[in-house]
Every structure is written in structure tokens, then in C-alpha cells.
Amino acid sequence: MDLVKRVASLRYRCSQCNELHHGLPELSYHLPAVIASLDDDERQSRCTVGSDQCSLDGETFFIRCVLQLPIRDSGEIYGVGVWSTLSRENFKLYSDNWENPRRAGIGPFLGWFASFVETFEDTINLKCRVWPRDDLVRPVIELEPTDHPLALAQREGLELSRALEMAERIPGIKFLVK
């Protein structure tokens, strides 16, 4: 079976909706790693948390983005929901354009990768560019072209087995066919 058909043939049941889905489930981090590491009381006292934007101590600002990793030899993209820091000024500019469907022109922004992607060595604070996109979709992250394994995966692609390894770490996902 060729790779595209293999990806399309994957089926999994989601524990959140209990529905059967096809394809490869995308990994998503619901909070930046530093905020996720705080206990509930500390998070409540030090953070402002939204679904796509948050801040720590009113000094460190984060936005939710998509890291696109091509799957080699398939033409498919594995999207990972991650976080990046932004400067105070860029966070304000992004926030001011939150409902602007034509916000692609306000970036790119310099950021620092703020999610720990477990299947790669330390990913915190990798230098990146955040590219806002039009039509109110989450921005895309472009990692600085270094020899870090995650940056290499973004430039050169992932093997399907690596994308599956990432997807299998998603809580509540049970593959029915592999």
C-alpha cells in the first residue's frame, strides 16, 4: 500500500467525542510548557490563559500556533498545535488583529518555541518565526534552520512511523487499524 493510502486508511476513536475518525490525529499542546508545569493555584495567580493566547506574570506572552511537519514521500502535512512566545509589542499587535480576517500582513514575528515535543530532544526556546495567516486560522511556526532534530524534521520531513509515534502519545486516541 502506498504511503498516502496508508495514512488515509488509519482510523481512530477519540475519547473526547467517541467518534470514529480517519487519517492521522494531530498532536496539540493546550498550554505553553512553562504554564503547564505550574500547579493550579500558581497558574491561577500568575497567568492569564485563553484558548489561543496567554501570559505569565504579565511579562511573558504566548500565542498558539501550528508547526507543520511534512510526511516524507506522501505530500501530507502533520500539524502539531504548539506555542511560541512573542514580545509584548507583537503580542499586542496580534491581539489587536485577533478578529481581522486579513492579518497575515502583520507578521512575521520573532518568537521562541514554548512547547516540549516529547518525541524530540529539548524543544523549549528554539528560535522561530511566527507567520500569522488570513481567514482567522492559527499562525504557522517556522523554526530557525539549525541541526536540531525538530528543525530538521520541519525542513526534511518525518517518516510516517515518527508521525505515528507522535500521534500515539495523544491521550484518549486509540488506533483501530495501523
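Residues numbered from 1 in each chain as written. Predicted model: local features only at pLDDT ≥ 70, side-chain atom pairs only at ≥ 80, totals over all residues. Heavy atoms only, no water.

(A) The overall build of the protein chain, seen in detail. When its secondary structure is counted, the protein chain shows six helices and ten strands. Relative to the 2.2 N^0.38 estimate, which gives 16 Å for 178 residues, the radius of gyration of the protein chain is 17 Å and therefore close to what a compact globule would have. Looking at the protein chain alone, contacts between residues at least 24 apart form 56% of all its contacts between residues at least 6 apart. If you sum the accessible surface of the protein chain, you get close to 9,700 Å²; carbon and sulfur atoms cover 48% of it. Charge separation in the protein chain, taken as the distance between the mean sites of 21 positive and 27 negative side-chain charges, equals 5 Å. (Helix = DSSP H or I, 4+ residues; strand = E, 2+ residues; numbered from the N terminus. Rg over C-alpha atoms; globule rule 2.2 N^0.38 Å. Contact = heavy atoms within 4.5 Å. Areas by Shrake-Rupley, 256 points an atom, 1.4 Å probe, with all protein chains shown as cover. Lys, Arg positive; Asp, Glu negative; His and termini not counted. Charge placed at Lys NZ, Arg CZ, Asp CG, Glu CD.)

(B) Layout of helix α6 (residues 160-168). Regarding α6, the residues found buried are L160, A163, L164, M166 and A167. Relative to the axis of α6, the buried residues are bounded by an arc of 160 degrees and lie together on one face. (Buried < 20%, exposed > 50% of the residue type's maximum accessible area, 1.4 Å probe, protein only. Arc of directions from axis to C-beta.)

(C) Region of interest: the pairing of strand β4 (residues 53-56). Of the two faces of β4, the one carrying Q53 and S55 and the one carrying C54 and L56 are both buried. Two elements, strand β3 (residues 47-49) and β4, share three bridges in a ladder whose sense is antiparallel. Bridge assignment links V49 to a residue of β4, and that residue is C54. Counting the residues in the hairpin turn of β3 and β4 gives three residues. Across four bridges, the pairing between β4 and strand β5 (residues 60-71) is antiparallel. Across the sheet, the residue bridging to C54 is F62, located in β5. (Pairing = 2+ DSSP bridges.)

(D) The arrangement of the pattern of salt bridges in detail. Scanning the model with the defined rule gives ten salt bridges in all. The salt bridge partner of D134 is R102, with a shortest N-O separation of 3.9 Å. With D134 in the loop between β8 (127-131) and β9 (140-143) and R102 in the loop between α4 (88-96) and β7 (109-112), this pair connects stretches of sequence that are 32 residues apart. What makes R102 exposed here is its relative accessible area of 53%. Because the salt bridges share partners, they merge into one network encompassing E42, R46 and D57. (Salt bridge = Lys/Arg side-chain N within 4 Å of Asp/Glu carboxyl O.)

(E) Seen up close, the pairing of β7. In β7, alternate side chains face the same way, and those of F109 and G111 are buried while those of L110 and W112 on the opposite face are not. The pairing of β7 with β8 spans four bridges and is antiparallel. Pairing of W112 across the sheet is with K127, part of β8.

(F) Spatial organisation of the packing of aromatic side chains. By the definition in use, this model includes two aromatic pairs. Consider the rings of Y94 and W98, whose centres lie 5.9 Å apart with planes at 70 degrees: the pair is edge-to-face. Take Y94: its relative accessible area is 1%, and that puts it in the buried class. Given a relative accessible area of 32%, W98 falls into the partly exposed group. The ring of W98 has R103 lying over it, and the distance from NZ or CZ to the ring centre is 5.3 Å. When the ring centre of F120 is taken as reference, the NZ or CZ atom of R162 above it lies at 4.0 Å. (Phe/Tyr/Trp six-rings, centres within 6.5 Å; stacked < 30°, edge-to-face > 60°. Lys NZ or Arg CZ within 6 Å of the ring centre and 35° of its normal.)

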